[in-house]
Amino acid sequence: MTKVLIIGGGHAGANTAFALRKDGFDGEITIISNEGYLPYHRPPLSKDFLKQNIAIEKLCFKSADFYEKQKISINLNTQIDSIDLESNLTITKDASFNFDYLVFATGASPRLLPMENADSKNLFYLRQITDVLSMHQQITPEKEIVLIGGGYIGLEVASAMIELGLKVTILEAEERILQRVTSPEVSQFYNDYHSKKGVRIICNAKVTNLNAENQMINSVSLESDESLAADIVLVGIGAIPNTQLAASIGLECDNGIKTDQYCRTSIPNILAVGDCTSSFNSLYNKELRLESVPNALAQSKVASSSILGNELFNNEIPWFWSDQYDLKLQMAGLSSGYDECHIIGDTDSAEFIACYGKEGYLIALDSVNQSRQFMLFKKALGNGFKLEMSLIKDKNFQPESIFSGSN
Ligand SMILES: Cc1cc2nc3c(=O)[nH]c(=O)nc-3n(C[C@H](O)[C@H](O)[C@H](O)COP(=O)(O)OP(=O)(O)OC[C@H]3O[C@@H](n4cnc5c(N)ncnc54)[C@H](O)[C@@H]3O)c2cc1C
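Residues numbered from 1 in each chain as written. Predicted model: local features only at pLDDT ≥ 70, side-chain atom pairs only at ≥ 80, totals over all residues. Heavy atoms only, no water.

Caption draft 1: The arrangement of the environment of Thr 140 in detail. Its place among the elements puts Thr 140 in the loop between helix H4 (129–136) and strand E10 (144–148). Judged by its relative accessible area of 38%, Thr 140 is partly exposed. The sequence separation of Thr 140 and Met 161 amounts to 21 residues, and the corresponding C-alpha distance is 9.2 Å. (Helix = DSSP H or I, 4+ residues; strand = E, 2+ residues; numbered from the N terminus. Buried < 20%, exposed > 50% of the residue type's maximum accessible area, 1.4 Å probe, protein only.)

Written as structure tokens, this is what we have:
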């Protein structure tokens, strides 16, 4: 009987197992996860779960029963430390598991702050349920929280903390928040929105010291000589793909485990999916490393298809969402290199779409509270439609017309 072994029980790993069963695979499936919980949704960790609005059980994709019925064997609290390629064995500290196909779904880990006192008891990173559980113990209204990093995680946590009554400061090293992922227009909108809610945002902020006593940080010093009182510090400065194990068996890695459009690595019976990959996307004709649930889900289907000898390939349009306060941000496409930005709608009413064009055509968009229209644009981009910016900029343009052919 063919054996598929999946290292990592996150979005990509669990969904590869689900896809295999759905596609009719009747061999053995084993998931090895070094976490202590059944595979769960990670996005709520910086949103509703952080606010204690949902219980742990509600985070899980499926109950233990489901795995049993689907004959998906799942080993929690188990870390694969090494792999013996000669005998197709993965090795943990006290067991070994063999495989015919191996799937790397090892995800990513928070980039650590290389600074003295960064191991203090009130400094957190956000990746796993356990991170949030330890943070919960310290969250109480009126406390001062300093968020290092003004990316998605920092901003989502800021919104949750404001709702819980804490005093929030965001320290962003670049000149604007969300600099890596969006345009100045959208950064400005988020900057203003958070500021109105009471968040203090300091850009160009270089942290020089975490000042601590008894392993508890009490203030954060900046290069500008300012010192900020801190009861809690959260660091959200990006994530690094977990590729060490893959590299140790000679898999090609470059900012992620390299795969082709079928999620196959440089070794024939080994595949890789999700945040740990730098995977060839045929829509863009290049390798992309994406950290998003839609990417993990799309790649799981592709990996399942490859194991079954079918030919589904990765041509999913990159897309992502982020929830802050009452704002739903949805982004599709890759905006890097855009040469014009046109806003449809009104930033003042927090309902708008920023359309990014290059050489006259739409390449990407960021939508705030415009989900229905966003889905139409996303579908068009995903289908490879070439939408002219001149059309989009026409004040009579209706996104609905993209598929009705009325423009
Ligand atoms: C706080 C937070 C909020 C997010 N919000 C959003 C959002 O709003 N929208 C969105 O699209 N995406 C969001 N993301 C990103 C999204 O969650 C990830 O893209 C997704 O989880 C990737 O799935 P994955 O399976 O590749 O990796 P992961 O979910 O990280 O799973 C990898 C698993 O493998 C385990 N593992 C690693 N090495 C080993 C080993 N050697 N042995 C055993 N197990 C191992 C890891 O511990 C982990 O459990 C968010 C992420 C975080 C952290």
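Caption draft 2: Representation of the pairing of strand E16 (residues 232–235). The two faces of E16 match: Ile 232 and Leu 234 on one face and Val 233 and Val 235 on the other face are all buried. Sheet topology places strand E9 (residues 123–124) next to E16; 2 bridges connect them, and they run parallel. The residue bridging Phe 124 from the neighbouring strand is Leu 234, located in E16. (Pairing = 2+ DSSP bridges.)

Caption draft 3: View of the pattern of salt bridges. Overall, the coordinates contain 15 salt bridges when judged by the stated rule. Between Lys 258 and Glu 252 there is a salt bridge, with its nearest N and O atoms 3.8 Å apart. Taking the relative accessible area as the measure of exposure, Glu 252 reaches 45% and is therefore partly exposed. Between Arg 372 and Glu 400 there is a salt bridge, with the nearest N and O atoms lying 3.0 Å from each other. Residue Arg 372 is found in helix H9 (residues 371–382), and its partner Glu 400 is found in the loop between helix H10 (389–393) and helix H11 (401–404); the two are separated by 28 residues along the sequence. The exposed category is assigned to Arg 372, whose relative accessible area is 56%. Taking the relative accessible area as the measure of exposure, Glu 400 reaches 28% and is therefore partly exposed. (Salt bridge = Lys/Arg side-chain N within 4 Å of Asp/Glu carboxyl O.)

Caption draft 4: Broad picture of the sheet that holds strand E15 (residues 227–229). In spatial order, the strands read E13-E14-E15; together these 3 strands make up an open sheet with antiparallel pairing. Here the strands that pair on one side only, and so sit at the sheet edges, are strand E13 (207–213) and E15. Neighbouring strand axes in the sheet, compared pairwise and without regard to direction, differ in orientation by 25° on average. Sheet analysis places strand E14 (residues 216–222) next to E15, joined by 3 bridges and oriented antiparallel. Across the sheet, the residue bridging to Val 220 is Leu 228, located in E15. (Axes fitted to C-alpha atoms, helices over the stretch in contact; angles between N-to-C directions.)

Caption draft 5: Summary view of the packing of aromatic side chains. Counted according to the given criterion, the structure contains 15 aromatic pairs. Ring plane angle 90° and centroid distance 5.4 Å describe the contact between Phe 18 and Phe 66, whose orientation is recorded as edge-to-face. Pair noted here: Phe 18 is in helix H1 (residues 11–22) and Phe 66 is in helix H3 (residues 64–69), with a separation of 48 residues, a long-range link. Residue classification places Phe 18 among the buried positions, given a relative accessible area of 13%. Residues Tyr 193 and Tyr 325 carry aromatic rings whose centres are separated by 5.8 Å and whose planes lie at 45° to one another, so their mutual orientation is tilted. Highlighted residues: Tyr 193 in helix H6 (residues 184–197) and Tyr 325 in the loop between strand E22 (319–324) and strand E23 (327–333), separated in sequence by 132 residues. (Phe/Tyr/Trp six-rings, centres within 6.5 Å; stacked < 30°, edge-to-face > 60°.)

Caption draft 6: Layout of the environment of Arg 264. Following the sequence through the fold, Arg 264 ends up in the loop between strand E18 (257–259) and strand E19 (270–272). With relative accessibility at 38%, the residue Arg 264 sits in the partly exposed group. Separated by 15 residues in the primary sequence, Arg 264 and Ser 279 have C-alpha atoms spaced 8.9 Å apart. Excluding residues within four positions of it along the chain, Arg 264 makes contact with Lys 258, Thr 259, Ile 270 and Leu 271. Within the structure, Arg 264 has its side chain in polar contact with the side chain of Asp 260 (distance 2.9 Å). (Contact = heavy atoms within 4.5 Å. Polar contact = N/O pair within 3.5 Å; in protein donor to acceptor, adjacent residues only side chain to side chain.)

Caption draft 7: Focus on the domain arrangement of the protein. In terms of domains, the protein is made up of domain 1 (3–109 + 239–307), domain 2 (112–235) and domain 3 (326–404). One C-alpha centre belongs to domain 2, the other to domain 3, and the line joining them spans 31 Å. Listed by partner, the interface residues are 10 residues for domain 2 and 15 residues for domain 3. Counting the surface lost from both domain 2 and domain 3, the interface buries some 990 Å², and carbon and sulfur atoms represent 67% of this. When the area that domain 2 buries against domain 3 is broken down by residue, the three leading residues are Phe 189, Tyr 190 and Tyr 193, summing to 46%. (Domains from an automatic or database assignment. Buried area = accessible area lost by both parts, 1.4 Å probe.)

Caption draft 8: Examining the site of the ligand more closely. In the vicinity of the ligand there are 34 residues, among which Asn 34, Glu 35, Arg 42, Lys 47 and Arg 127 approach most closely. A distance of 3.5 Å separates a nitrogen atom of the ligand from a polar atom in the side chain of Gln 79. With respect to the ligand, the side chain of Asp 275 contributes an N or O atom lying 2.8 Å from an oxygen atom. In isolation the ligand exposes 990 Å². Once the protein is present, 95% of that is buried. (Near = heavy atom within 4 Å. Areas by Shrake-Rupley, 256 points an atom, 1.4 Å probe, with all protein chains shown as cover.)

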